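Each chain is listed here by its residues.
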Amino acid sequence: MLTLVECGTRVLIAASFGPESEGELPYAKRLLSALDEAMLLLADAAFDGNEFLDAVHQSGARFLVRSGARRVPTPAEHLDDGSYIARIGYGVLRVLLPVRVIEATLTVTLADGTVRTEQWRLITNLLDPVRYPAAELVDLYHRRWQAETTYFSIKATMLDGRVLRSRSIDGLDQEVYALLTAYQALIRAGDDALTGRPEVPMERISFTVLLAAATDTVTAGHGIFPSTLVDLVDLVGTIGHAALDNLLPTHRRQRVKARTRKNPTSKYGPNAGQHPQKAQNYTVRTTVAFFEHGLNSRSRR
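No experiment lies behind these values; they were computed from the predicted model shown. (Residues numbered from 1 in each chain as written. Predicted model: local features only at pLDDT ≥ 70, side-chain atom pairs only at ≥ 80, totals over all residues. Heavy atoms only, no water.)

### Thoughts on the nonpolar core
Then, in step 1: Residues Met158, Tyr183, Phe207 and Leu210 are the most contacted members of the largest nonpolar core, which totals 28 residues.
Then, in step 2: Filtering out sequence-adjacent residues up to four positions away, Leu210 remains in contact with Leu186, Gly190, Ile205, Ile239 and Ala243.
Then, in step 3: Of all hydrophobic cores here, the second largest spans 25 residues; its members include Val65, Tyr84, Ala86 and Val101. (Core = buried A, V, L, I, M, F, W, Y, C linked by side-chain atoms within 4.5 Å. Buried < 20%, exposed > 50% of the residue type's maximum accessible area, 1.4 Å probe, protein only. Contact = heavy atoms within 4.5 Å.)

Here is the structure:
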């Protein structure tokens, strides 16, 4: 399943899903019609294909996409902020799309003293280095992780480790649409709760609290229908009030989660030893630089 998620609110804009055999990029192409000129698409390295990026550009949207090591862009012009202009081509006629390439080294220092260094290469059609400085775009790209937070909310928080129960294609489609609908309704409830609190960002609304309040409301059968005229015009509602009473901290620490796969039937290889064994805080330092010898291949996790 692939989704377009709005950063900040984590609202679902569009979604597509189906058999895993089809691959991610075909499903991503089905989401292109949801893009417009007001959007900046943040995407991972699997979506840096030339034709796909050109299709995003033709939609009017801007993109900031992580690129893999197999791409070897040729600088056409080096810019003052450390980025450079290149051109990517596709198809028989080699139609060229001008892009800006930002290469940066990220140094992550964990609380236990462990230091990890990564190389990032970002590709964007935001060509103006004065209006869109390279360092700011690297920092902005971190917000792509909110899509992963959305998947976690659906797969871990809502499903709580359970798998889909249906044994037919139609049944699976129905379950997935039900999950997406329930997720969207809860996120909208959180957004409605902030109608009279414009100073509170949506990031402070806890999805776990939204889900727990909705579950308690449905189970107990209280607060579902308005009992007075005041309740009728109250956009916050029972779920929204619960979220406002349990806001997340204003400033949240940068924190890395311990990751060791426990499922022996997982299709992914074991990653024990590649991640910290316990959750801890971290700091990150970013340095924009030109990689003269290319980008190192990403480690398999």
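There's more to say after this.
### Quick look at the pairing of strand S2 (residues 12–16)
Then, in step 1: Here four bridges tie strand S1 (residues 2–5) to S2, and the two strands are oriented antiparallel to one another. Bridging from a neighbouring strand, Val5 pairs with Leu12 of S2. (Pairing = 2+ DSSP bridges. Helix = DSSP H or I, 4+ residues; strand = E, 2+ residues; numbered from the N terminus.)

### Regarding the confidence of the model for the chain
Then, in step 1: The predicted model of the chain has a mean per-residue pLDDT of 87, with 86% of residues at 70 or higher.
Then, in step 2: Per-element confidence in the chain ranges from a low mean pLDDT of 48 for helix H7 (residues 229–232) to a high of 98 for strand S3 (residues 40–43). (pLDDT = per-residue confidence, 0-100.)

### Quick look at the pairing of strand S7 (residues 95–110)
Then, in step 1: Note that S7 and strand S8 (residues 115–124) share 10 bridges and pair antiparallel. Among the inter-strand pairings, Val108 is bridged to a residue of S8, identified as Arg116.
Then, in step 2: In this antiparallel pair of consecutive strands, S7 and S8, the connection spans four residues, and Gly113 shows a positive phi of 95°.
Then, in step 3: Bridge analysis of S7 against strand S10 (residues 280–288) gives seven bridges, and the strand direction is antiparallel. Along S10, the bridge assignment pairs Val108 with Val284.

### Digging into the pattern of salt bridges
Then, in step 1: Summed over the entire model, instances satisfying the criterion amount to nine salt bridges.
Then, in step 2: A salt bridge links Glu118 to Arg116; the shortest N-O distance between them is 3.1 Å.
Then, in step 3: Judged by relative accessible area, Arg116 falls into the partly exposed class, the value being 31%.
Then, in step 4: For the salt bridge of Glu148 with Arg144, the shortest nitrogen-to-oxygen distance reads 3.3 Å.
Then, in step 5: On the basis of relative accessibility, which here comes to 29%, the residue Glu148 falls in the partly exposed class. (Salt bridge = Lys/Arg side-chain N within 4 Å of Asp/Glu carboxyl O.)

### Quick look at helix H8 (residues 237–244)
Residues spaced three or four apart along an α-helix point in a common direction, a consequence of the helix completing one turn every 3.6 residues.
Then, in step 1: Residues of H8 that are buried: Ile239, Gly240, Ala243 and Leu244. For H8, the angular spread of the buried residues around the axis is 135°, confining them to a single face.
Then, in step 2: Close packing links the buried residues of H8 with helix H5 (169–193) and helix H6 (207–220). (Arc of directions from axis to C-beta.)

### Focus: the environment of Thr157
Then, in step 1: Position of Thr157 relative to the elements: it lies in helix H4 (residues 145–158).
Then, in step 2: C-alpha of Thr157 to C-alpha of Ala212: the two residues are 55 residues apart in sequence and 9.8 Å apart in space.
Then, in step 3: When near neighbours in sequence (up to four residues on either side) are disregarded, Thr157 contacts Phe152, Phe207, Thr208 and Leu211.

### As for the packing of aromatic side chains
Then, in step 1: Counted by the stated rule, this structure contains five aromatic pairs.
Then, in step 2: Each ring, one from Phe17 and one from Tyr177, has its centre 5.2 Å from the other, and the planes form 70°; the classification is edge-to-face. In this pair, Phe17 sits in the loop between S2 and helix H1 (24–29) while Tyr177 sits in helix H5, placing the two residues 160 residues apart along the sequence.
Then, in step 3: Overall, Phe17 belongs to the buried group, its relative accessible area being 18%. (Phe/Tyr/Trp six-rings, centres within 6.5 Å; stacked < 30°, edge-to-face > 60°.)

### Considerations on the side chain of Ser67
Then, in step 1: With respect to the helices, strands and loops of the structure, Ser67 is situated in the loop between strand S4 (62–66) and strand S5 (77–78).
Then, in step 2: Non-local contacts of Ser67, meaning those with residues more than four positions away in its chain, are made with Ala45, Asp48, Arg121, Ile123 and Leu295.

### Digging into the packing of H4 against H6
Then, in step 1: Between H4 and H6, the least distance of the axes is 11 Å, while the angle of their chain directions is 45°. Judged by the inter-axis angle, H4 sits oblique to H6. The handedness of the crossing between H4 and H6 comes out as right-handed. Of the residues in H6, those touching H4 at Ser153, Thr157 and Met158 are Phe207, Thr208 and Leu211. (Axes fitted to C-alpha atoms, helices over the stretch in contact; angles between N-to-C directions. Parallel < 35°, antiparallel > 145°, perpendicular 65-115°, else oblique. Left-handed = near helix turned anticlockwise from the far one by under 90°.)

### Things to note about H5
Then, in step 1: If you check H5, its first and last C-alpha atoms are 36 Å apart, about what 25 residues at 1.5 Å a residue would give, namely 36 Å.
Then, in step 2: Those residues of H5 that fall on the buried side of the exposure criterion are Gly171, Glu175, Val176, Leu179, Leu180, Tyr183, Gln184, Leu186, Ile187, Ala189, Gly190 and Ala193.
Then, in step 3: Taken together, the buried residues of H5 touch S2, H4, H6 and H8. (Expected span 1.5 Å × (residues − 1).)

### Digging into the packing of H6 against H8
Then, in step 1: Two numbers describe how H6 lies on H8: the axes approach to 9 Å, and their chain directions differ by 140°. Judged by the angle between their axes, H6 and H8 are oblique. Along this stretch, H6 crosses H8, giving a crossing that reads as right-handed. Contacts between H6 and H8 involve Val209, Leu210, Ala213, Ala214 and Thr217 from the first element and Thr238, Ile239, Ala242 and Ala243 from the second.

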